[in-house]
Amino acid sequence: VEKLINIFGTIRNAFVGTATPYYVENGNFYLESNNVKNGKINYNSQIFVNDEFYEKQRDKWLKTNDIVMVQSGHVGHTAVIPEELNNTAAHALIVFTDYMEEVDPHFLNYQFQSNGKRKELDLISTGNTIKHILASEMKNFKMDFPTVDEQSAIGSLFRTLDDLLASNKDNLANYQSLKATMLAKMFPKAGQTVPEIRLDGFEGEWEEKEFSKLVKRVTQSSDSDSLPKVEFEDIISGQGRLNKDISGKFDNRKGIHFKPGYTLYGKLRPYLNNWLLPKFEGVALGDFWVFDPNGNDSNFIYYLVQSNRYQKVANDTSGTKMPRSDWKSVSSTIFAIPQTIAEQQAIGAYFSNLDNCINSFQEKISQLETLKKKLLQDMFI
């Protein structure tokens, strides 16, 4: 156990004061607390400063492997300065620099994220509404140091986990944006009878039908206590997945009786993205529309409901007290659908595969996050 003052020659504040007069459109990247979150540097928001201000900060420039800590707001979040940010100016961060001992910066960075250290940092934070931490307080802050070899082994284990998380998150984002693009292009726009992008092997115009002729809206209710009940909060918004096992969720509340392959759609704000294509029979509680695919491919109907055209009509919620989709306008909206069930099935299968990929990345991400959390708890004292 060592105090940080014995490890770092300098523990100081980055520039404190107003830097806004020196902001420019393009200039020198200026690192702020927004860019330091969960042990990493991000570029979600970017501020640039002019040369004059940047040069003035020369004696405070960050160096590769320095550690920076958020001082105000989400206090205690840290990151290691990568090579690409060597000689960067920074704002309102605590900077740990000038190593006096050989330590692995990444090991320290992850130790700051461990449960024990997060609690200790909370104890020395001040302020009620906005938390604040002082550079002077950090000088006597104690950290645990195994051998340098063990430090770098632990540091690189967590970096590997973070890299895996990042690549899964990238893949997820790519598949999600592919799905959004395809939902916009594989269903015809208003007044058109051919989609912008079409799967190979299909031709001819699609036929136009009112939504009420396309599906059967199921209104028959049931209070059966041997069928599982689905509520809005059981569905992960926008993902069409249940967030828990509801196969044993029985009671005798009344709702709409649905069968496997029916589409459930939450017609009430803020649940307009709560849709589900169940593989089981059950009862939908709350403000759901339930659609029997009416001889159409059930996947096709399920993705039609997610398409831009349907969403646009359904999102035009009337009534201010309880904004909800208006059945009159949705049911009378005309949609073009493929003439053949084969093309419907192909489209349904295409999107279903996309969703499977998206779900598997989501699962991986949450497994890795759980593992990281557990290791942060177990690998540090």
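Everything below is about the structure shown above.
Asks: Even after reading the chapter, I still don't get the pattern of salt bridges, so can you show me in this structure?
Replies: Note on pairing: side chains with opposite charge can pair once their charged atoms come close. Applying the stated criterion to the full structure yields 18 salt bridges. Between Lys185 and Glu196 there is a salt bridge, with its nearest N and O atoms 2.9 Å apart. On the criterion of sequence distance, the pair formed by Lys185 in helix α5 (residues 148-185) and Glu196 in the loop between α5 and β13 (207-210) is long-range, its members being 11 residues apart. Two residues, Lys249 and Glu231, come together in a salt bridge whose shortest N-O distance is 2.8 Å. Here the residue Lys249 occupies a position in the loop between β18 (241-242) and β19 (255-258), and Glu231 occupies one in the loop between β16 (229-230) and β17 (235-236), the gap between them amounting to 18 residues. Residue classification places Glu231 among the buried positions, given a relative accessible area of 16%. Taken together, the salt bridges that share partners define one network made up of Glu231, Asp234, Lys244, Lys249, Asp251 and Arg253.

Asks: What should I look at first to understand the packing of helix α2 (residues 105-113) against α5 in this one?
Replies: Axis angle and axis distance: for two packed helices, these are the angle between their axes and the distance between the axes, and together they describe the pair. Packing of α2 against α5 leaves a shortest axis separation of 8 Å and a crossing angle of 65°. Taken together, α2 and α5 sit at an angle that is classed as roughly perpendicular. The two elements α2 and α5 cross, and the hand of that crossing is left-handed. Between α2 and α5, the residues in contact are His106, Phe107 and Tyr110 and Gln151, Ile154, Gly155, Phe158, Arg159 and Asp162, respectively. Within the contact of α2 with α5, the residues separate by chemical class into 4 nonpolar, 3 polar and 2 charged.

Asks: Is there a simple way to think about α2 in this case?
Replies: Of all 9 residues in α2, 9 are buried, a share of seventy percent or more. Where α2 starts, the residue carrying a side-chain oxygen 2.8 Å from the main-chain nitrogen of His106 turns out to be Asp104.

Asks: Any chance you could explain unusual backbone geometry here in plain terms?
Replies: Leave glycine aside and you will find that most residues have negative phi; peptide bonds, for their part, are mostly trans. A cis geometry characterises the amide bond from Arg269 onward to Pro270, with omega recorded as 5°. Relative to the elements of secondary structure, Pro270 occurs in the loop between β20 (263-266) and β21 (275-276). Positive phi, normally seen in glycine, also occurs at Asn65, with a value near 75°. Among the secondary structure elements, Asn65 is positioned in the loop between α1 (51-56) and β8 (67-70). Residue classification places Asn65 among the partly exposed residues on the basis of a relative accessible area of 32%. We note that Ala92 has phi near 50°; this positive angle belongs to a residue other than glycine.

Asks: Just to check I follow, could you spell out the pairing of strand β11 (residues 93-99) for this structure?
Replies: Regular strands show a simple pattern: their side chains alternate between the two faces of the sheet. Among the 7 residues that make up β11, 5 are buried, leaving the element largely enclosed by the rest of the structure. Bridge count between strand β2 (residues 8-13) and β11: 5 bridges; the pairing is antiparallel. Looking at β11, one finds that Ile11 is bridged to Phe96. Here β8 runs beside β11; their pairing, made up of 4 bridges, is antiparallel. Bridge pairing in β11 links Val70 to Leu93.

Asks: Quick question: what am I supposed to make of the sheet that holds strand β7 (residues 47-49) here?
Replies: To summarise the sheet geometry, strands pair through backbone hydrogen bonds and adopt either a parallel or an antiparallel arrangement. Spatially, the 4 strands line up as an open sheet ordered β3-β7-β4-β10, and their pairing is mixed. Edge positions in the sheet fall to β3 (23-24) and β10 (89-90), since each has one partner strand and no second. Sheet analysis places β3 next to β7, joined by 2 bridges and oriented antiparallel. Counterpart to Val24 in the pairing with β7 is Phe48.

Asks: I keep staring at the pairing of β20 and nothing clicks. Help me out?
Replies: The two faces of β20 match: Thr263 and Tyr265 on one face and Leu264 and Gly266 on the other face are all buried. Looking at chain direction, β20 and strand β23 (residues 288-292) are connected through 4 bridges and run antiparallel. Residue pairing for β23: Gly266 is matched across the bridge by Phe288. When β20 meets β21, the two strands line up antiparallel, connected through 2 bridges. Looking at β21, one finds that Tyr265 is bridged to Trp275.

Asks: Honestly, the packing of α5 against helix α10 (residues 341-378) in this entry has me stumped. Any pointers?
Replies: For the pair α5 and α10, the least separation of the axes is 9 Å and the interaxial angle reads 155°. One way to sum up the angle between α5 and α10 is to call them roughly antiparallel. Seen from above, α5 lies across α10 with left-handed handedness. Among the residues making up the contact of α5 with α10, the classes are represented as 21 nonpolar, 4 polar and 7 charged.

Asks: Please explain the sheet that holds β8 as it appears in this structure.
Replies: Spatial strand order, β2-β11-β8-β9: 4 strands in an open sheet with antiparallel pairing. In this open sheet, the two edge strands, each paired with only one partner strand, are β2 and β9 (78-80). When the angles between neighbouring strand axes are averaged without regard to direction, this sheet yields 20°. Along the sheet face, α2 touches β2, β8, β9 and β11 and points at about 165° away from the line of β9.

Asks: Would you explain the packing of aromatic side chains in this entry?
Replies: Any two aromatic rings considered together are summarised by their centre-to-centre distance and by the angle between their planes. The full count for this structure, using the stated rule, is 33 aromatic pairs. A ring pair is formed by Phe158 and Phe380, whose centres lie 5.9 Å apart and whose planes are at 20°; its orientation type is stacked. With a gap of 222 residues between them, Phe158 in helix α5 and Phe380 in the segment after α10 connect regions that are remote in the sequence. Phe380 sits in the buried class, given a relative accessible area of 8%.

Analysis parameters
- Residues numbered from 1 in each chain as written.
- Predicted model: local features only at pLDDT ≥ 70, side-chain atom pairs only at ≥ 80, totals over all residues.
- Heavy atoms only, no water.
- Salt bridge = Lys/Arg side-chain N within 4 Å of Asp/Glu carboxyl O.
- Helix = DSSP H or I, 4+ residues; strand = E, 2+ residues; numbered from the N terminus.
- Buried < 20%, exposed > 50% of the residue type's maximum accessible area, 1.4 Å probe, protein only.
- Axes fitted to C-alpha atoms, helices over the stretch in contact; angles between N-to-C directions.
- Parallel < 35°, antiparallel > 145°, perpendicular 65-115°, else oblique.
- Left-handed = near helix turned anticlockwise from the far one by under 90°.
- Contact = heavy atoms within 4.5 Å.
- Nonpolar A, V, L, I, M, F, W, Y, C, P; charged D, E, K, R; others polar.
- Polar contact = N/O pair within 3.5 Å; in protein donor to acceptor, adjacent residues only side chain to side chain.
- Pairing = 2+ DSSP bridges.
- Phe/Tyr/Trp six-rings, centres within 6.5 Å; stacked < 30°, edge-to-face > 60°.

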